[in-house]
Amino acid sequence: LSLGLAVAAVVALAGFLAAQPPLPGRPDADPLTTLASLLGDLAGRLAGAATLGGLAAVFAFLPRSGADPRVVGRLARWTGRAAQVWCVAAVWMTVANPTFVTGTPLGSALQPQAWWYYLTSTPSALAWLVTAVVALATTLAAYLAPRPAVLLLCWFAGAGATVFVAVTGNVSVGLDHDWATDAAAVASLALAVLASGAVGLTATVAAGAGLHPAAARRYQRLAAPAVAIAAAGLAVVAWQQLAGVAVLDTPAGIPVLTGFACLAGLAAAWGWRQARPDRTELAGRGYAVDVALLVGPLASLTAAQHFPPPRFLVPQSIQVNYLGYEVDVPATLERLAGLGRPNLLWVVLVVAAVGGYLWGMVRVHRSGGRWPVWRLVLWLAGWGLTCYLAVSGLWMYSTAVFSWHMLVHMTINMMVPVLCVLGAPFALAEAASRPATDTGLAGPSELLAGVAGNRVVRRLLSPPVLWLVYLGSLFLVYFTPLFPWLMKYHWAHQLMLLHFMVAGLAFFSLVAGPGTQLWRLPYLVRFALLVSVMPFHAIFAVGIMTARSVIGENFYRTLDVAWVGDLLADQGIAGQVTWFTGEVPALVAVIALAAQWFRSDRGEAAAADARQDLGGADELTAYNDMLAALAERDRVEHGSGPGRSA
């Protein structure tokens, strides 16, 4: 019923849009193109939610041992079919979406050259292409390798694909689109979690596995915060898109009201189950209600993607077009150091990282363990520095001034990862997520262990690959046309920041991370890896300082920030900043690695002394005994032993 209502709604919307006058300077697509884009978008979103739910059913809602292979096979086949539909819809949207956005006939994009032009010039088409690749990979995994660890990796890739589609839509246009884009990303992740839980539980019951009480509790714990986060994110998006127009005064308010009404229904369903925890069998059938209610927000997102919102009618400057705000006021030390325009996504990440770490410490203490306070201090220092960069004027002005851009990016790439790695988050996660033997479901530690044991993951996280990615990404981004392209879009700028931080975390975890490592490298090798990046980092900084042309010149010239002055001179300052911000974190990492090495050697020496005190032979004694035994055997074999003449 809900699916039929959603299809009928988008068909009616296609007719409504065909009757509307075109936006200024933009021709409207013909009715066929509009309908094709609406139906493809809806099919892609619904099939994506079904795929994520099928993946979650296998790795999150089935027992970690003893699961019926027939049930796993049914779920894998069902997930594979949903992923195929997702892939076909995403491929179709690489044609239908750009033609709708540009107001051209559908057939114009069917020619190879035109398709490639649309793909490279329209971020939403690129997002759908990435989605198609992820859906295809998920299809192959579901049929060929339906193992929990592999499907978990597919889930992360699929959730990321839904975020990519969300941030390249209408939210990327107009004043405050930086906040709306970040809010759309967070809301999309929350909806992915909701869909995974509701569809996953429903699919598990339909496949014949029954409703595991621990699986129901797992979904109940996630559903309430996911609904709240999705509602908050969509509220920010609606505020930006409506541009001060009352929600009832514009047709664009209809999908907003519909989406929030369905989220309210999901919250009511969650509350009903919380009030009746003993009615497990009825609740098992009731999760289908959640699935039906989720169709509403997904259909609303499809409609919002095609409705021209009031924000489109508000004139904007080139700075607003690129950044979401203006930077015409010259920067001063007070404005740089004080409160600026917050980076919403990074503020959310800081809150999540600090909250998750504290929650892990609480779990460790509840289980009778202890966690060093100084590691908490290092973790808070890393994320506190990140929070300061995200809310201060440095972030706001770093989008327009290259020297401050490099200060922010290199701090995120080096100093923050070093501090966070020394906080030992992976060791804390391992200590806090011991498998709960009473639930029967795979816990986070088991799922992470399965992912870490995957051959592809091990190769991607191997020392040569991490070394190459950590260094190579700097040269690839800044010394190619990729940099100005990434700077044009807020979502791409955020992706660049996330990549640099993840690359830094992965590399410094390899060389200076405490505790158990995926790759057990000798300290001498770790030290060599750490030292080896320093000259290349210096070459990168010198390359920026001595460049004869402006990096990202087209972007900065188009942005036209009058008070910046000589762009090439500012680039020289950026090179000096890059050099300095690389030396200090490297020194901290060297000191930390030396301390770990010293403690390891001292621990081995203490263990050897303890063995000797208990009457055991140390390594030197054992070596001397071996030499004596060899000498005695040689003497006997050559006739110089007792009882034989010389």
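Structure shown above.
Predicted model only: the values in this text are computed from it and were never measured.

A.B. asks: Could you give an account of the overall build of the protein, naming the residues involved and the relevant values?
C.D. replies: Of the regular secondary structure elements, the protein holds 26 helices and zero strands. The buried share of the protein, reckoned over its 646 residues, is 48%. By sequence separation, contacts in the protein at least 24 residues apart represent 81% of the contacts at least 6 residues apart. When the accessible area of the protein is evaluated, it comes to approximately 30000 Å², of which 69% is carbon and sulfur surface.

A.B. asks: Kindly report on the nonpolar core, identifying the contributing residues and their values.
C.D. replies: In this structure, Phe402, Tyr478, Phe483 and Phe508 are the most contacted members of the largest nonpolar core, which totals 104 residues. Ranked by residues supplied to this core, first place goes to helix H16 (residues 402-422) with 13 residues. Filtering out sequence-adjacent residues up to four positions away, Phe402 remains in contact with Tyr478, Phe483, Ile544, Ile551, Tyr556, Asp570, Gln571 and Ala574. Counting residues in each nonpolar core, the second largest holds 63 residues, with Leu17, Phe61, Ala299 and Phe307 among its members.

A.B. asks: Give me empty space enclosed by the protein: which residues, what numbers.
C.D. replies: All told, the structure shown has five cavities of 30 Å³ or more when counted by the stated rule. Counted as a void, the largest cavity has a volume near 660 Å³. If you go around the largest cavity, you meet 39 residues; those closest to its centre are Arg45, Leu234, Pro297, Ser300 and Leu301. For the lining of the largest cavity, the elements supplying multiple residues, two or more each, are helix H2 (31-60), helix H5 (123-144), helix H6 (148-167), helix H7 (177-206), helix H8 (213-242), helix H9 (253-275) and helix H10 (280-306).

A.B. asks: Describe a nonpolar patch on the surface, listing the residues and the values that go with them.
C.D. replies: A cluster of nonpolar side chains, Leu3, Val7, Val11 and Leu39, forms an exposed patch at the surface whose accessible area comes to about 300 Å². It is helix H1 (residues 2-18) that provides the largest number of residues to the nonpolar patch, a total of three residues. Examined against the element boundaries, Leu3 turns out to sit in helix H1.

Rules used in this analysis
- Residues numbered from 1 in each chain as written.
- Predicted model: local features only at pLDDT ≥ 70, side-chain atom pairs only at ≥ 80, totals over all residues.
- Heavy atoms only, no water.
- Helix = DSSP H or I, 4+ residues; strand = E, 2+ residues; numbered from the N terminus.
- Buried < 20%, exposed > 50% of the residue type's maximum accessible area, 1.4 Å probe, protein only.
- Contact = heavy atoms within 4.5 Å.
- Areas by Shrake-Rupley, 256 points an atom, 1.4 Å probe, with all protein chains shown as cover.
- Core = buried A, V, L, I, M, F, W, Y, C linked by side-chain atoms within 4.5 Å.
- 1 Å grid on protein atoms, 1.4 Å probe; cavity = no way out; pocket = protein on both sides within 12 Å on 5 of 7 lines; lining within 4 Å.
- Points joined across faces, edges and corners; volume = space filled by probe spheres on them.
- Patch = residues over 30% accessible without salt bridge, like charges linked within 9 Å, V, L, I, M, F, W, Y side chains within 5 Å.
- Salt bridge = Lys/Arg side-chain N within 4 Å of Asp/Glu carboxyl O.

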